[in-house]
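# Per-entry structural report
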Amino acid sequence: MSDELVKSKLTRRDFIRHAAYAALATSAYGEVLDSGEEKKVKVVLVRDEDALDKNRNPNPKVIQSMLDKAVSELVGIDDPVEAWRRLVKPKDLVGIKTNVWSYLPTPREVEDAIRRRLKDAGVREDRILMDDRGAYQTLANCTALINVRPLRTHYWSGIGGCIKNYIMFVPDPWRYHPDTCAPLGHVWTLPSVKGKTRLNILVVLTPLFHGVGPHHFSPKYTWDYKGLMVSFDPVAIDAIGVRLLLAKRREFFGAEKPLVYSTHHIIYADKKYKVGTSDPSKIQLIKLGWLEGVLI
Amino acid sequence: MKGWIMWIIYSIAVCAIMASFSYSETLHDIAKRIPTEFDGWRAEGDWRHYDRNTLFQHIDGGAELYLAYRFKGAFVRRYLKGGEMGITVDIYDMSSPEDAFGVFSVECYGDEVGIGQGSDYIEGLLRFWKGRFFVSILTRLETDESKAAVLKLGRLIDRAISDRGEPPKILSLLPVNGLKRRSVRFFRKHSILNRIYFIADKNVLRLGDETEGVVAEYERKDGKGLLLIVRYSSAKDAKAALNGFINALIPEAKRTKIARLEDGRWIAVEAVGQFLFAALDATKRGFAHNLIETMRGILRGVKG
């Protein structure tokens, strides 16, 4: 992808011209195009038919099992506890940056599953902090961060994903909303965040794929995908998240219904802020478990 | 005789005062007229008030839509009934009917239900505008009962708002032939235009508090596409915006002001007096050209 995309004046024409962005935008993007020599960034998606009960509540045991499988696959070690030991050390002060948006918060079952494995990896309970709105102060001194939130559409940034989840590490998050949240990747370069993230978890149990009205939420526009995604790369995981939402929107509305232009903070996070990769040819999506209705 | 004259003067003064009150009703005034109970639904607590500095606490991530218009303040309250999910009512004071219409127009996806001066209902969400107020009434889970309650509450609030207002004057410039009326969107800032039709990260069209714009969809025999019209404070500003637009999007078409993009769609643009207008996303060159020519004809007779 050309450096033109990091010039200060990004236009509609730039998006139309650049193939890599088009690949990010299309729900028709297929599997990895080229399994060449270059090492690819892994995004692991695990789904389980029993992840939710009939009332759409997460099943704690199934959630734990899903998280374990995903992390094991990502790290490349069968034993999930040993895999977590590769992510955090007992001496770490670990911050779980969760998300409390009232309509679709991080499920408590996912937070508990994370805490359980952190403790199994040797981190004391009093050295595990968790916050969302107060992260700017409570998590600023952490030595390790676990980034976790549900995937949803967002009025300004196109999607609420792992990149955007760190917006609460700044004292004035609303300043990042204009210009369709283009500079979100900048937050990842701040000293309170840079280099600390050990794992990104994008919760796709019941993603929100469309929003209207001031509250941008309707249960009609969520569906039981019953999945978790993990990656070391927040840009790659968000790029896959966009594909998933676009695919669901096409399935639901019967036509392309783009988020396209409002998700360019993902490309900025890649090309301007160097936080990760949005290039689909450099991302390896590994799918585990239940494959019916996987959409991507 | 003197007594009659005094009585007439007095009556005129009273009428004038009453008239001024009816155009200056506040959120407080309206809130007092909305019942705390109806059909078994009860208000939960008192109205909560939000202003430009605190609105994000209520609609985190969505406040910028209202801040991009002349939002002044909002009253919010919930209604509850038994096992039904609650109904959330938001009443926004947008400072002017134009801005109330603007906020309403950007998200019309549902059906007109005859409430307020324009309304939209879809899946548990009712939105309408009246006078300078925009109202949103939402039930998270639509049932027959909650839908009926949302619509009834909408009518009650409609009656509680006395003022009416005119939609933005710029809408009168839209050609009628082929116009999809529910697609009309009014905006002031480039952040809103970018949500409707992304132009560029930077504000190449020089939009701001003193500009007003409209985008609408058209479908005709000669093609389909969008029409964008922006009114500036001066012809000089419109010309500068025209140059900015061409340089950013179609620099190869400085002379012709019409070009085909790599996705096969056409763009054409022009400025006349204080107005810039553009055909966007046009399926055919002829459509783009014709739309521009139509706008030239309309604006020939428009002063400022």
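None of these values were measured; they are calculated from a predicted model. (Residues numbered from 1 in each chain as written. Chains lettered and ligands numbered in written order. Predicted model: local features only at pLDDT ≥ 70, side-chain atom pairs only at ≥ 80, totals over all residues. Heavy atoms only, no water.)

## Structural notes on the overall build of chain B
Let me state the cut-off plainly: Put simply, DSSP marks the helices as runs of H or I at least four residues long and the strands as runs of E at least two long, and each gets a number from the N terminus on. Categorising residues by exposure relies on relative accessible area from a 1.4 Å probe, with only protein chains included: less than 20% of the type maximum marks a residue as buried, more than 50% marks it as exposed, and the intermediate range marks it as partly exposed. Computed with a 1.4 Å probe, the accessible areas rest on the Shrake-Rupley method; for each residue, only the protein chains presented here act as cover. The convention is simple: Lys and Arg are positive, Asp and Glu are negative, and His and the chain ends are not counted. We put the charge of a Lys on NZ, of an Arg on CZ, of an Asp on CG and of a Glu on CD.
When helices and strands are counted, chain B shows nine helices and 13 strands. For the C-alpha atoms alone, the extent of chain B along its principal axes is close to 65 × 65 × 40 Å. Burial statistics for chain B: of 304 residues in total, 53% are counted as buried. Only carbon and sulfur atoms are counted for the fraction: they give 52% of the accessible area of chain B, which is about 14000 Å². Charge centroids of chain B, computed over 46 positive and 39 negative side chains, lie 6 Å from each other.

## Considerations on the pairing of strand β7 (residues 133-139) of chain B
All names here are of chain B. In plain terms, the rule: A pair of strands is treated as paired once DSSP finds two or more bridges between them.
Of all the seven residues making up β7, seven are buried; the element is thus mostly covered by neighbouring parts of the structure. Relative to β7, strand β6 (residues 125-130) is paired through six bridges, and the arrangement is antiparallel. Following the sheet pairing, L125 is matched in β7 by L138. Counting the residues in the hairpin turn of β6 and β7 gives two residues, including G131, whose phi is positive at 55 degrees.

## Description of the pattern of salt bridges
All names here are of chain B. What counts here: By definition, a salt bridge exists where a carboxyl oxygen of Asp or Glu is found within 4 Å of a side-chain nitrogen of Lys or Arg.
Counted by the stated rule, this structure contains 38 salt bridges over all chains. A salt bridge links R265 to D281, with the nearest nitrogen and oxygen atoms 3.5 Å apart. Of this pair, R265 sits in the loop between β11 (258-260) and β12 (266-272) while D281 sits in strand β13 (residues 275-282), and the two are 16 residues apart along the sequence. Where E270 meets R296, a salt bridge forms, and the shortest distance between an N and an O atom there is 3.0 Å. You can see E270 sitting in strand β12 and its partner R296 sitting in helix α9 (residues 285-300), a full 26 residues away along the chain. Using a relative accessible area of 10% as the deciding quantity, one classes E270 as buried. Given the relative accessible area of 27%, R296 is considered partly exposed. It is possible to trace a salt-bridge network through shared partners that takes in K72, D93, R132 and D163.

## What about the packing of aromatic side chains?
Definition in use: In this scheme Phe, Tyr and Trp rings, the latter by its six-membered ring, pair at centre separations within 6.5 Å, and the angle between planes marks the pair as stacked below 30 degrees, edge-to-face above 60, and tilted otherwise. The criterion for a charge sitting over a ring is simple: Lys NZ or Arg CZ within 6 Å of the ring centre, and within 35 degrees of the ring normal.
One pass over the full model with this rule turns up 21 aromatic pairs over all chains. A ring pair is formed by Y103(A) and F217(A), whose centres lie 5.2 Å apart and whose planes are at 20 degrees; its orientation type is stacked. Of this pair, Y103(A) sits in the loop between β2 (94-97) and α5 (108-120) while F217(A) is found in the loop between β6 (197-208) and β7 (227-231), placing the two residues 114 residues apart along the sequence. Classification of Y103(A) as buried rests on a relative accessible area of 16%. Assessed through its relative accessible area of 7%, F217(A) is described here as buried. Taking the centre distance of 5.6 Å and the plane angle of 65 degrees together, the rings of F38(B) and Y79(B) count as edge-to-face. With a gap of 41 residues between them, F38(B) in strand β1 (residues 37-38) and Y79(B) in strand β3 (residues 73-81) connect regions that are remote in the sequence. One aromatic cluster in this structure is built from F209(A), Y221(A), W223(A), Y225(A), F252(A) and F253(A). Above the face of the W101(A) ring, R152(A) is positioned so that its terminal group lies 3.6 Å from the ring centre. Between the NZ or CZ atom of K248(A) and the centre of the ring of F209(A), over which it lies, the distance is 5.8 Å.

## Description of unusual backbone geometry
Residues and elements named next belong to chain A. In this structure, R56 is a non-glycine residue whose phi angle is positive, near 70 degrees. Mapped onto the secondary structure, R56 falls in the loop between β1 (41-47) and α3 (60-75). Among the residues examined, R56 registers a relative accessible area of 33% and is labelled partly exposed. Although it is not a glycine, L295 sits at a positive phi angle of roughly 70 degrees. Its place among the elements puts L295 in the segment after β8 (283-289).

## A look at the interface of chain A and chain B
The following threshold applies: Any two residues whose heavy atoms approach within 4.5 Å at even a single point are treated as in contact. Summed over both partners, buried area is the accessible surface (1.4 Å probe) that two parts give up on being assembled. In protein, a polar contact requires one atom able to donate a hydrogen and another able to accept it; more generally it is a pair of N or O atoms within 3.5 Å, and residues adjacent in sequence count only if both atoms are side-chain atoms.
If you look at the interface, chain A gives 32 residues, while chain B gives 44 residues. Summing both sides of the interface, chain A and chain B together bury roughly 3500 Å²; the carbon and sulfur share of this comes to 58%. By the criterion of area lost to chain B, the three top residues of chain A are R12(A), R13(A) and Y155(A), representing 23% of everything that side buries. For E123(B), the salt bridge goes to K220(A), with nearest N and O atoms at 3.1 Å. For the pair chain A and chain B, the interface holds 11 residue pairs in polar contact (both at pLDDT 80 or more).

## Things to note about the confidence of the model for chain A
Residues and elements named next belong to chain A. Rules: Confidence of the prediction at every residue is given by pLDDT, a number between 0 and 100.
The pLDDT averaged across chain A works out to 88; a share of 88% of its residues lies at or above 70. Counting interchain partners and residues more than four positions distant, the pLDDT-below-50 stretch residues 1-7 has 17 contacts. When the criterion is pLDDT under 50, residues 26-35 qualifies, and its contacts beyond four places in sequence or with other chains add up to 21 contacts.

## What about helix α6 (residues 144-160) of chain B?
Note the cut-off: Each helix should span, by expectation, one fewer than its residue count multiplied by 1.5 Å.
The end-to-end C-alpha distance of α6(B), which contains 17 residues, comes to 24 Å, matching closely the 24 Å that a straight helix rising 1.5 Å per residue would cover. Listed as buried for α6(B) are S146(B), A149(B), V150(B), L151(B), L153(B), G154(B), L156(B), I157(B), D158(B) and A160(B).

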